[in-house]
Amino acid sequence: MNQTGKNAAAVGLDVGTSHIVVARQSDEGFRFESQLNGFVDIPYAKLTEKVLQMENIPHCVDGSRIAVQGNESGQLAELLKVEPRRPMSHGFLNPSEPESLERISRIIGALCGIAGDGEGPLYFSVPAVSIGEQDHWTYHEATLRQVLGELGYAAKSITEGLAIVYSEMESSNYTGIGISCGGGLCNVCLAYLSVPVMSFSIPKAGDFIDRNVASVTGERANSIRLIKEACFHFNGNFADKIHQALGVYYDDMIGTLVATIKDQFQSCRGLPPLGRPIPLVLSGGSAIPRGFKDRFKAILKESDFPVPISEVRMAEDPLHATARGALVAAMIE
Ligand SMILES: Nc1ncnc2c1ncn2[C@@H]1O[C@H](COP(=O)(O)OP(=O)(O)O)[C@@H](O)[C@H]1O
Ligand SMILES: [Mg+2]
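Everything quoted here is computed from the prediction, not taken from an experiment.

1. As for the overall build of the chain
Turning to step 1, where the next piece is worked out: Of regular secondary structure, the chain possesses ten helices and 15 strands.
Turning to step 2, where the next piece is worked out: Over its C-alpha trace the chain gives a radius of gyration of 20 Å, about what one expects of a compact globule, namely 20 Å for 333 residues.
Turning to step 3, where the next piece is worked out: Projected onto its principal axes, the C-alpha coordinates of the chain cover approximately 65 × 55 × 40 Å.
Turning to step 4, where the next piece is worked out: Look at the contacts in the chain between residues 6 or more apart in sequence, and 69% of them connect residues 24 or more apart.

Quick look at the structure:
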């Protein structure tokens, strides 16, 4: 299937707990733009407002404060020694954040803009529906559709794991296991000839790692996140307690992920006979540290995995794979 050149105005949107990413087609292939899905309150000052405007930083003045949204919020929170506020947690709109809807609408608006004439179709990513989470999922999905509807898009959703398959598995005719290890969740999808056969998520991902390392080291989770993103890798001599603890909770996340995939495979009745070994693709921000793939493969090997895997590979562009897959879905609509 030729993925480019169709539906030139199609849009793919990854609504993740950590990042919101928009993908569009460009002359060179695909074009991405992203914002951190967070915000921080700073005191209002006329000059601050002016600087934010000049720097094109998404923000919103509200009486005596300014809510700074998106990429700049992580660094500002660090300078102010606070945790950024988060419109989403564990893959869904955050029920403990009273401004979640207002803030996420602004971030999505800043990235997608108002739909021009004939713009779209737009596909946005949602987590897999987990057992016991159906009602929560319904609210999340419908609300995002509404937010995008207000911007003029007739939006449809695609589960995150399937988006990874659409993005990365053209070479195996969209057969294989797509995994996205993000901030709030790890999402998994097994697809057979592009049909999602099994999808699920686990609530252990980057935020879980940051929160737990913060609690055993006495740091803030946001500070741990910045350290992890700047320099964590596997198989190093752990220079300090933070890196050692990051290794422990990374192993915990990968172990849970592999064990859950195995359980789900074993309990999934009516799984089609796959015939031959299938590929597995890893993506998402939490899969970026050097050595992640090898650690995943080692844990997979120890697990006596029930399905033969032909290869484990990294997505070409781990932070953009979900948005790219959503765009592929929109292009072939
Ligand atoms: N270079 C990096 N090294 C390690 N972790 C990273 C890196 N970049 C991003 N992350 C982590 O990946 C997670 C976000 O991944 P992302 O795929 O954007 O998640 P989501 O789908 O939840 O928005 C966060 O926990 C973040 O700290
Ligand atoms: Mg994601």
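2. Considerations on the environment of Ala8
Turning to step 1, where the next piece is worked out: Secondary-structure assignment places Ala8 in the segment before strand E1 (11-15).
Turning to step 2, where the next piece is worked out: Spatially, the C-alpha atoms of Ala8 and Gly120 are 8.6 Å apart, while their sequence positions differ by 112 residues.

3. Let's talk about helix H7 (residues 221-231)
Turning to step 1, where the next piece is worked out: Those residues of H7 not exposed but buried are Asn222, Ile224, Arg225 and Lys228. Around the axis of H7, the buried residues are gathered within 155° of arc, so they sit on the same side.
Turning to step 2, where the next piece is worked out: On its buried face, H7 is in contact with helix H2 (72-80), helix H6 (206-217) and helix H8 (241-267).

4. Section: the site of ligand 1
Turning to step 1, where the next piece is worked out: For ligand 1, the set of nearby residues contains 19 residues, the closest of which are Gly16, Gly182, Gly183, Gly206 and Gly285.
Turning to step 2, where the next piece is worked out: At the level of elements, H6 and H7 are the ones that each hand at least two residues to the shell around ligand 1.
Turning to step 3, where the next piece is worked out: It is H7 that contributes the most residues to the shell around ligand 1, three residues altogether.

5. Concerning the packing of helix H5 (residues 160-168) against helix H10 (residues 321-331)
Turning to step 1, where the next piece is worked out: In the contact formed by H5 and H10, the axes pass within 7 Å of each other and the chain directions differ by 80°. It follows from the interaxial angle that H5 and H10 lie roughly perpendicular. Between H5, through Glu160, Ala163, Ile164, Tyr166, Ser167 and Glu168, and H10, the contact on the second element is made entirely by Ala321, Thr322, Arg324, Gly325, Ala326, Val328 and Ala329.

6. Regarding the pairing of strand E3 (residues 29-36)
Turning to step 1, where the next piece is worked out: Pairing of strand E2 (residues 19-26) with E3 involves eight bridges; the strand directions are antiparallel. Following the sheet pairing, Ala23 is matched in E3 by Phe32.
Turning to step 2, where the next piece is worked out: Hairpin remark: E2 followed by E3, antiparallel, with two residues in the connecting loop.

7. As for the domain arrangement of the chain
Turning to step 1, where the next piece is worked out: Domain boundaries in the chain define domain 1 (11-37 + 76-166 + 320-331), domain 2 (39-75) and domain 3 (168-314).
Turning to step 2, where the next piece is worked out: For domain 1 versus domain 3, the separation of C-alpha centres amounts to 21 Å.
Turning to step 3, where the next piece is worked out: Taken together, the contact between domain 1 and domain 3 spans 23 residues of the former and 30 residues of the latter.
Turning to step 4, where the next piece is worked out: At the level of secondary structure, the elements contributing two or more residues to the side of domain 1 that touches domain 3 comprise H2, strand E7 (88-89), H5 and H10.
Turning to step 5, where the next piece is worked out: Among the elements that take part in the side of domain 1 that touches domain 3, H5 stands out by supplying six residues, more than any other.

8. Here we look at the pairing of E2
Turning to step 1, where the next piece is worked out: With six of eight residues buried, E2 is to be regarded as a mostly interior element.
Turning to step 2, where the next piece is worked out: Taken together, the four bridges between E1 and E2 define a ladder with antiparallel strand orientation. Bridge pairing links Leu13 to Val22 in E2.
Turning to step 3, where the next piece is worked out: In sequence, E1 turns back onto E2 through a hairpin of three residues.

9. Quick word on the nonpolar core
Turning to step 1, where the next piece is worked out: Leu13, Leu122, Phe124, Ile179, Ala326, Leu327 and Ala330 are the most contacted members of the largest nonpolar core, which totals 72 residues.
Turning to step 2, where the next piece is worked out: Two domains share this core, each providing at least three of its residues, namely domain 1 (11-37 + 76-166 + 320-331) and domain 3 (168-314).
Turning to step 3, where the next piece is worked out: When residues no more than four places from it in sequence are discounted, the contact partners of Phe124 are Leu13, Val15, Leu144, Leu148, Ala155, Ser157 and Ala326.
Turning to step 4, where the next piece is worked out: Ranked by size, the runner-up nonpolar core spans five residues in total, among them Phe39, Ile66, Val68 and Ala77.

10. Quick notes on the sheet that holds strand E14 (residues 278-283)
Turning to step 1, where the next piece is worked out: Across the sheet, five strands lie side by side as E13-E12-E11-E14-E15; this open sheet has mixed pairing. Strand pairing shows two members of the sheet lacking a second neighbour, strand E13 (195-202) and strand E15 (309-314), which therefore form its edges. Strand after strand, the sheet turns through a mean of 15° between neighbouring axes, direction not considered.
Turning to step 2, where the next piece is worked out: With four bridges joining them, strand E11 (residues 176-181) and E14 adopt parallel strand pairing.

11. Comments concerning the sheet that holds strand E6 (residues 65-69)
Strand-to-strand pairing in sheets goes through backbone hydrogen bonds, with the strands running parallel or antiparallel.
Turning to step 1, where the next piece is worked out: The strand order E4-E6-E5 describes an open sheet built from three strands, whose pairing is antiparallel. Every other strand in the sheet has two partners, leaving strand E4 (39-43) and strand E5 (59-62) as the edge strands with one partner each. Neighbour-to-neighbour, the strand axes of the sheet open up by a mean angle of 25°, direction not taken into account.
Turning to step 2, where the next piece is worked out: One ladder, built from five bridges, connects E4 with E6; its direction is antiparallel. In the strand pairing of E6, Phe39 is matched with Gln69.
Turning to step 3, where the next piece is worked out: With respect to the sheet, helix H1 (residues 46-54) is in contact with E4, E5 and E6, its orientation differing from that of E6 by roughly 20°.
Turning to step 4, where the next piece is worked out: Along the sheet, H2 makes contact with E4 and E6, crossing E4 at roughly 55°.

12. Points about the environment of Lys46
Turning to step 1, where the next piece is worked out: The residue Lys46 is located in helix H1 in this model.
Turning to step 2, where the next piece is worked out: Sequence separation between Lys46 and Val15 is 31 residues, and the spatial gap between their C-alpha atoms is 32 Å.

Cut-offs and rules
- Residues numbered from 1 in each chain as written.
- Chains lettered and ligands numbered in written order.
- Predicted model: local features only at pLDDT ≥ 70, side-chain atom pairs only at ≥ 80, totals over all residues.
- Helix = DSSP H or I, 4+ residues; strand = E, 2+ residues; numbered from the N terminus.
- Rg over C-alpha atoms; globule rule 2.2 N^0.38 Å.
- Contact = placed C-beta atoms within 7 Å.
- Buried ≥ 20, exposed ≤ 12 C-beta atoms within 10 Å, placed from the backbone.
- Arc of directions from axis to C-beta.
- Near = placed C-beta within 6 Å.
- Axes fitted to C-alpha atoms, helices over the stretch in contact; angles between N-to-C directions.
- Parallel < 35°, antiparallel > 145°, perpendicular 65-115°, else oblique.
- Pairing = 2+ DSSP bridges.
- Domains from an automatic or database assignment.
- Core = buried A, V, L, I, M, F, W, Y, C linked by C-beta atoms within 7 Å.

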